[in-house]
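# A closer look at the structure
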Amino acid sequence: MRNIFVLWLSLLLWSGQVWSADFKVGYVQVDKLLQEAPQTVETGKKLEKEFSPRSLDLEKLQKQIRDLEAQLDHERSNVNESERRVKERQLNNMRLEFQSKQRELREDINLRKNEELAVLQERINKAVQTVAESEGYDLVAYSGIAYASKRIDITDKVLKLLGKK
C-alpha cells in the first residue's frame, strides 16, 4: 500500500499537470504531536490520579514484604522451625500477591493508555484535517516519510490548533 502511495505521489509530482496546477503538500510529525500536545500532559495527570491509589497500595505491600524479610533474617536463630515456616509461607504468599497486583496494574495502565491514545489520535486527525482544509492543502502525509522539508511541515500549526481545544 505504501509503495502504491509513493508511486502515485511520484507520478503526480513529475507530471506536467502538477507543475502547472497549484498543488500544495503538507507533512505532519505524529511523534512530535503525541509528545508535545497539551492533551498528552492532561492524559498523564489523569492516569496518574486514576492509578495512584493502587500504586500506593503496592508500595505498602512491598514495604510489608521487606519488613517481614528483615524480621525473618533477624529472628532466624531465635525462632522455632514451625514458626519460621509459617512466616516464610506468609512471605511467599505476600510476594505472589504483590506480583499479581503489580502485573494487573501494569495491564490496566496499558489498557487505559491505549484508550486515551486512541482519543488523542482522533483529535490529532481532526486537527490535521482542519488545518489542511483551512489552508488549502491537497495532500498531507504523516510520519514514515524518508524526508520532508520544513517548508511543508505543518506540525506546529496542528499543535497550535490542539492547544486551543
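Placed above this text is the structure.
Quick summary incoming for the structure in this document. (Residues numbered from 1 in each chain as written. Predicted model: local features only at pLDDT ≥ 70, side-chain atom pairs only at ≥ 80, totals over all residues. Heavy atoms only, no water.)

## Some remarks on the overall build of the protein chain
Scanning the protein chain for helices and strands turns up six helices and two strands. Starting at the N terminus and walking to the C terminus, you meet the elements of the protein chain as α-α-β-α-α-α-β-α. By the burial criterion, 27% of the 165 residues in the protein chain qualify as buried. A separation threshold of at least 6 residues defines the contact pool for the protein chain, and within that pool the share at least 24 residues apart is 80%. Surface summary for the protein chain: the accessible area is close to 12,000 Å², and the carbon and sulfur share equals 53%. (Helix = DSSP H or I, 4+ residues; strand = E, 2+ residues; numbered from the N terminus. Buried < 20%, exposed > 50% of the residue type's maximum accessible area, 1.4 Å probe, protein only. Contact = heavy atoms within 4.5 Å. Areas by Shrake-Rupley, 256 points an atom, 1.4 Å probe, with all protein chains shown as cover.)

## Here we look at the side chain of Gln-39
Counting through the fold element by element, Gln-39 comes out in helix α4 (residues 38-75). A polar contact is formed between the side chain of Gln-39 and the backbone oxygen of Leu-162, at a distance of 2.9 Å. (Polar contact = N/O pair within 3.5 Å; in protein donor to acceptor, adjacent residues only side chain to side chain.)

## Brief notes about the environment of Lys-150
Take Lys-150: it is sitting in the loop between β2 (139-141) and α6 (155-163). Note: C-alpha distance between Lys-150 and Tyr-27 (123 residues apart in sequence) is 8.7 Å.

## Let's talk about α6
All of the buried residues along α6 are Thr-155, Val-158, Leu-159, Leu-161 and Leu-162. Taken end-on, α6 shows its buried residues confined to a sector of 160 degrees, consistent with a single buried face. Set apart from the buried face of α6 by more than 90 degrees, the exposed residues are Asp-156 and Lys-160. Turning to α6, the residues buried within the fold contact β1 (25-27), α3 (30-36), α4 and α5 (81-134). (Arc of directions from axis to C-beta.)

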